[in-house]
Amino acid sequence: MTSTKPHHWRPLVALLSATLLAACDNNGGSVQPVVPPLTDTTYSADIVWTEYGIPHVTAQDWGSLGYGSGYVAAQANYCVIMRAIVDGNGDSARYFGSDGDLDLDLVMKLFNDDEAAQRMFDAFPEFLQQNLTGYAAGLNRYLADTGVDNLAEGDEGCRGGPWVRQVDALDIVQRVHKQILRASSDPLSGFSVAASPDTAMASVLPPGITAGEQLLATLDKEAVAVAMDMPAAEEIGSNAYAVGADASQTNSGILFGNPHFPWQGYERFFMFHLTLPGEYDVMGSALLGLPAPVIGFNENVAWSHTVSTGKRFTFYELELNPENKMQYIYDGEIRDIEGRTVTAQNLQADGSVETVEHTFYLSHFGPIVDLGRVSPLLAGWPNAAGTLLTYRDANLENLRGLEQWVRMGQAADLDEFKQALRSIGIPWVNTIAADRYGDALYSDISVVPNVSTNKYNSCIRGLLQTLLTDQGFVTMDGSDSACEWGNDPDTAAGVFGYDNLPKLETRSYGANANDSYWLANPRRLLTGFSPIIGKEEVTQSIRTRHTFTQAENRLAGTDGLGAPGFNVDNIRQLSYQATNHAAELIVADVIDICSGVEDWSAYSENPATAAQACSVLADWDGAHRLDSVGGHVFYEFWKAVSGTDDFWAVPFDPADPVNTPRDLNTANEAVVAAVTQAFADGVDTLVTAGIAMDAPWGEVQFDEKNGTRYGIHGGSGSMMFSVITSSLVDGEGYANITHGNSYIQAVTWDESDCPDAYAILTYSQSTDPANPHYADTTELYSSGNWIDMPFCEAARDAQEIGRTTLEE
């Protein structure tokens, strides 16, 4: 039986000011929705499904467009969307106990409760309010039509689940807001819950050891990443190219986008096409539970996103009142630390539900945090420095991105697209775009705390602030108002405005693979921005270097893919060829070293197999395609050898970031010894897992769906452009794919009105094992093929597999 949420369930009649008229200003500006009187029909949406389960929703008003969007998303992924809503509500532990996240639930109750959701909803323009309300109604329509006892089964199913219920627009707001906080208050939840004035002061330093020495010895950046639930940088992110006319074989731009996101859960993408005639027409994808595409294309513009290096919060160090640890000093005056109590529920092992009450403590910046999980010196109230840490979150109650994504989708060219970016709502990603007319854009136009270079240099004071900042967590003096975030004109308070954020406007190309803005094109390095946005003149990741090596080889025509320059076919081949750039840099030397080992017994428990593995590596094609043999040998070696000191013979050169560092330092005996041992260790790992050295990659790395194994091309982001993150399962192979290539799109234009677009969704449209689109695009990806995206009506009708008109 479904439950309801009466505390903010809205009577149906109040939700339905349904139809909108499109109107343009007299100067040809952006489309501005206007709201007409109520009609008898609440919602009406025409839906056509094309091959691989892609829905095309057409409606005459924003409410109906949301209704259709919610319904088609629910049909493929209702249970996963519902789980996203439960988590956004702060109810994960209530229904899933230890499989939920009580700390995060408490933070959601603090920052994402109904009152906060109502404020955010009320701030939306009316067309978005109607769209979100319609989206919730579409989810409810699917639930009503299907029934809770007929919902999906499987690992991500919810059949008969007590957490299944009707939802409303505020639930959707909460789901989106939680996603927006993914790089700030979400991962910081454990730290803020841990902070308590009842915690004893951190232990006193041993004699003769300075605070700096002790803190450096105990501060563990990897522990910070784990505590903050942030995957390693090389294992999550995205790649994207924006190609302009000068780098294209045609006069049009080309966009290639490839986000690397989870293969399970509600951060999966879903492909769909939304049309409001005369006002909005976008095809693309969004994370589950978001009502409109966030990556996609229209008739004239295409765009993608990559996770950016910009910070979304800053820590502040507070100087406490020595007479009262519940007060801190700010500009020489005393301020109180305020307590705010919330409650959440936690399912116990015996099936009972415990109500958990927790008090957060807040400065005017935000919550106090206890970083004891990072270093014991940072635990306690106060910590070993006699201070407290607090943070300010730039994305708190920032849902500007929802309107911004709509405006991006309405853009007729890149100039209008850039205008849409000025509202600074995109929470934590770069934007890469191209248009029909041959213009291209790389930009980190995202929400970043307005900490200028001068402020960064003057407000990071003392040992603790300096050490935390050096570890990647900007920490400033919380006792001085001069260290408050600045403000830019026509921009939300506290964040950088459009003109102060990095961007590359070009007719050549721009690209990003999750390193900073500095390298968006090797011929036009971007400099002079605040360090809080990203670092300049630093070593780039192997994946970033691969991204630009591919581009430069393509422009030169030296990659075996034909004449110089990009087209929509060869840009897709760059991904599917799945070459390993780390191997391109060192594998010849590794083969020389392993071939020179006469007796592997000093290094490996499996000496004969180690010798065989060296022969396999010598014959390897340097790629991770299905028929490649030897990629797993190199991967396990690479994991084992990474971090070796003095590894490269040629050091990093800021004047040549794409090609340095390079060359294995074979003149260093310690490096040669480390390479030899790492190779042996990798072989032993594979032997222990029962993996043959000469097994083809398609048998070693696969995704199993309904008993069928689909070989998956691509490999670790620590080595290459085409990313698949998977862990080794004994007796099977890399059978646990967690994230990587997801919704990949390649878009260009010709003389027709229709975009020339191709896409793939690696893990398929649906999480329901009984759905016909549970595995079909996984099979397509495995075979190296693409969907020819049917944007225009004739193409849509040619691929049609079903249609309906949905009314309420």
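Residues numbered from 1 in each chain as written. Predicted model: local features only at pLDDT ≥ 70, side-chain atom pairs only at ≥ 80, totals over all residues. Heavy atoms only, no water.

Novice: Describe in detail the side chain of S64, supporting the description with residues and values.
Specialist: Inspection of the secondary structure puts S64 in helix α2 (residues 62-89). Within the local environment of S64, its side chain forms a polar contact with the backbone nitrogen of S44, the two atoms lying 3.0 Å apart. Once you skip the residues sitting within four places of it in the chain, S64 turns out to touch T42, Y43, S44, A45 and A59. (Helix = DSSP H or I, 4+ residues; strand = E, 2+ residues; numbered from the N terminus. Polar contact = N/O pair within 3.5 Å; in protein donor to acceptor, adjacent residues only side chain to side chain. Contact = heavy atoms within 4.5 Å.)

Novice: Before we move on, could you go through the packing of aromatic side chains and cite the residues and values that matter?
Specialist: Summed over all chains, the structure comprises 36 aromatic pairs. When the ring of Y241 is compared with that of F256, the centres are 6.4 Å apart and the planes differ by 50 degrees; the resulting orientation is tilted. On the criterion of sequence distance, the pair formed by Y241 in strand β3 (residues 237-243) and F256 in strand β4 (residues 254-262) is long-range, its members being 15 residues apart. Plain terms: the ring middles of Y576 and Y781 are 5.5 Å apart, the flat faces sit at 85 degrees to each other, and that makes the pair edge-to-face. Residue Y576 is found in helix α16 (residues 570-576), and its partner Y781 is found in helix α22 (residues 776-782); the two are separated by 205 residues along the sequence. The pair formed by Y576 and Y781 is uniform in burial state, with each residue classed as buried. Ring pairs connect the aromatic residues W600, Y603, W620, F634, F637, W638, F647, W648 and F679, which therefore count as one cluster. One residue, K503, lies across the ring of Y498, its end atom 4.6 Å from the ring centre. In this arrangement the basic side chain of R572 is found over the ring face of Y758, its NZ or CZ atom lying 3.8 Å from the centre. (Phe/Tyr/Trp six-rings, centres within 6.5 Å; stacked < 30°, edge-to-face > 60°. Buried < 20%, exposed > 50% of the residue type's maximum accessible area, 1.4 Å probe, protein only. Lys NZ or Arg CZ within 6 Å of the ring centre and 35° of its normal.)

Novice: So what's going on with the pattern of salt bridges? Residues and values would help.
Specialist: Under the definition given, this model contains 30 salt bridges. A salt bridge links D499 to R422, with the shortest nitrogen-to-oxygen separation between them at 3.3 Å. Of this pair, D499 sits in the loop between β18 (475-477) and β19 (503-506) while R422 sits in the loop between α12 (414-421) and β16 (429-435), placing them 77 residues apart in sequence. Judged by relative accessible area, which is 58%, D499 ranks as exposed. The partly exposed category is assigned to R422, whose relative accessible area is 34%. Residues joined in a network through salt bridges with shared partners are E793, R796, D797, E800 and R803. (Salt bridge = Lys/Arg side-chain N within 4 Å of Asp/Glu carboxyl O.)

Novice: Describe the state of the cysteines, with residues and values.
Specialist: If you walk through the whole model with that rule in mind, you get four disulfides. A sulfur-sulfur separation of 1.9 Å characterises the disulfide bridge that pairs C594 with C614. Linking C594 and C614, the disulfide has an S-S dihedral of approximately 75 degrees and is accordingly described as right-handed. Taken as a pair, C594 in helix α17 (residues 581-595) and C614 in helix α18 (residues 607-619) lie far apart in primary sequence, 20 residues in all. By the burial criterion, C594 is buried, and C614 matches it. Each sulfur in the disulfide pair C754 and C792 lies 2.1 Å from the other. For the disulfide bridge between C754 and C792, the dihedral angle about the S-S bond is near -120 degrees, and by the sign convention the bridge is left-handed. Of this pair, C754 sits in the loop between β27 (743-748) and β28 (756-761) while C792 sits in the loop between β29 (787-788) and α23 (793-798), placing them 38 residues apart in sequence. Relative accessible area serves as the criterion here: at 19%, C792 is assigned to the buried category. Taken in N- to C-terminal order, the disulfide-linked cysteines of the protein are connected 1-2, 3-4, 5-6, 7-8. (Disulfide = S-S within 2.5 Å.)

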